[in-house]
Amino acid sequence: MNRRNRSWSFVAVFLTLASHVWLQQLSPWLYPALALSFLLWPQLAYLRARQAENSMHSEINNLVIDSVIFGLWIAGLGFPLWITFILAISTTINLMVFRGPPGVLHALAGLAGGVLFGGLYAGFRFLPDTHWFTTVLAVTSISLYLLLVGYVSFSRNQVLYHSREQQRLTERELKQQIAENRQLQEKLQDQANRDPLTGLYNRRYLDDSLQREISRCLRQGDPLSLVLIDLDHFKAVNDDHGHNAGDLVISQLALALTTLSRASDIVCRFGGEEFLVVLPGTGLEAAEARAEEYRRVFESTPVPVDGATLSVTLSAGVACSYREIAPEELIHLADQALYQAKETGRNRVVSQAPLTDETQTA
């Protein structure tokens, strides 16, 4: 990641230090050492980081080695002011970028180690002056370096910004997809709980919800009633007018039940021509009145079939409970009442006595 930045910035440092060696007429053996430190080392650092298992950790070590090398040259050249400044500040900024505040300590430690070894090798001297040409190169080098750091920061911020925008877009698309999936699941769940002909709830939904409604009414101290409905002589409708006519009759009854029921009621197609209405919070008398209203309205609503009209009636059985009861037991009581309505002439409503804590069922 740092190969290009290190290579170009080290070339600038090489030129600055080489100008100092030349203008101060220092030992010519320093030129190969400069080339090794500032031209060859950046490539070796790149290879070292690339081959490491943890390239980031290796690159941080490389930055510390940079500090040591800079410290060696600072002490070896006698602490020239501008050279000392550009070497110290650049390596500190590098480690600060990668490690934050601890990076400053690492840079200072590396510089101190390099200065110590450089001073021990070359002797501690203090030669702060530099030629104006070297000073210009030093100022130019540090300026270009800071501009490079700014450009790299800008580039990384741009990448980060676009990454975050892409992440926001992906999250938005994901949320939309989740919402669509949830809607689809709810739609499929609703379809699984609905009778395809009438749109009413089916037996599956009734099995899932009736026990819940019984328990809720018991907690609230309310009764719960069932109205079990069966069409009278429905087989004759199918035999005389066809199954399409039978479907029209069933749909007409479903519409009447839905129209006359409350939002809290559960209207189900129980099977074939049978329907069951769950009336939470409804006592026996109110349930009987509701069943009678179903019967009366449906009887007075002819069903148009092939240019003619059919008058079909229904029978209903009502059961009511004020206590905890198994759903199938309450349905059985409503079915017994419906059977009595059929046996006593059809087109009528028959109810069972309400169940209370003192009532025992057969």
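Summarised in this report is the structure supplied together with it. Model, not experiment: these values are computed from the prediction.

Take unusual backbone geometry next. Even without being a glycine, Gln-25 presents a positive backbone phi close to 55°. By secondary structure assignment, the location of Gln-25 is in the loop between α1 (3-23) and α2 (30-51). Although it is not a glycine, Asn-347 sits at a positive phi angle of roughly 50°.

With respect to the secondary-structure elements, Thr-130 resides in the loop between α5 (101-122) and α6 (132-192). With relative accessibility at 19%, the residue Thr-130 sits in the buried group. A polar contact is formed between the side chain of Thr-130 and the side chain of Thr-135, at a distance of 2.8 Å. Residues within four places of Thr-130 in sequence aside, it is in contact with His-20, Gln-24, Pro-80, Trp-82 and Thr-135.

Moving on, we come to α1. The end-to-end C-alpha distance of α1 is 30 Å, a good match for the 30 Å that 21 residues give at a rise of 1.5 Å each. Looking one or two places after α1, you find Gln-25, whose phi comes out positive at around 55°.

Read across the open sheet, the five strands follow the order β2-β3-β1-β6-β7; overall the sheet is mixed. Strand pairing shows two members of the sheet lacking a second neighbour, β2 (266-271) and β7 (349-351), which therefore form its edges. Averaged over neighbouring strand pairs, the angle between their axes works out to 20° when direction is ignored. Here β2 runs beside strand β3 (residues 274-280); their pairing, made up of five bridges, is antiparallel.

The grouping of Leu-72, Leu-116, Phe-117, Leu-120 and Phe-124 at the surface amounts to a nonpolar patch, some 540 Å² of accessible area in total. Take the nonpolar patch: its biggest share by element is three residues, from α5. Its location among the elements puts Leu-120 in helix α5.

Inspection of the entire model under this criterion finds 13 salt bridges. The salt bridge partner of Glu-59 is Arg-6, with a shortest N-O separation of 2.8 Å. Placement of the pair is Glu-59 in helix α3 (residues 55-76) and Arg-6 in helix α1, with a sequence separation of 53 residues. Each member of the pair, Glu-59 as well as Arg-6, carries the same accessibility label: buried. Because the salt bridges share partners, they merge into one network encompassing Arg-6, Glu-59 and Asp-66.

Attention shifts here to the nonpolar core. Counting residues in hydrophobic clusters, the biggest one holds 30 residues, and the most contacted among them are Val-227, Ile-229, Leu-231, Val-249, Leu-253, Phe-275 and Tyr-294. At the level of elements, β1 (224-231), α8 (234-241), α9 (243-260), β3, α10 (284-299), β4 (303-305) and β6 (314-321) are the ones that each hand at least two residues to this core. In terms of residue count, α9 provides more of this core than any other element does, seven residues in total. Sequence-distant contacts of Phe-275, that is, excluding residues within four places in its chain, are made with Leu-200, Val-227, Leu-228, Ile-229, Ile-250, Leu-253, Ala-254, Leu-257, Cys-268, Arg-269 and Phe-270. Judged by nonpolar contacts, the second largest core, of 24 residues, contains Leu-17, Ile-69, Phe-70 and Ile-142.

What counts and what doesn't
Residues numbered from 1 in each chain as written. Predicted model: local features only at pLDDT ≥ 70, side-chain atom pairs only at ≥ 80, totals over all residues. Heavy atoms only, no water. Helix = DSSP H or I, 4+ residues; strand = E, 2+ residues; numbered from the N terminus. Buried < 20%, exposed > 50% of the residue type's maximum accessible area, 1.4 Å probe, protein only. Polar contact = N/O pair within 3.5 Å; in protein donor to acceptor, adjacent residues only side chain to side chain. Contact = heavy atoms within 4.5 Å. Expected span 1.5 Å × (residues − 1). Pairing = 2+ DSSP bridges. Axes fitted to C-alpha atoms, helices over the stretch in contact; angles between N-to-C directions. Patch = residues over 30% accessible without salt bridge, like charges linked within 9 Å, V, L, I, M, F, W, Y side chains within 5 Å. Areas by Shrake-Rupley, 256 points an atom, 1.4 Å probe, with all protein chains shown as cover. Salt bridge = Lys/Arg side-chain N within 4 Å of Asp/Glu carboxyl O. Core = buried A, V, L, I, M, F, W, Y, C linked by side-chain atoms within 4.5 Å.

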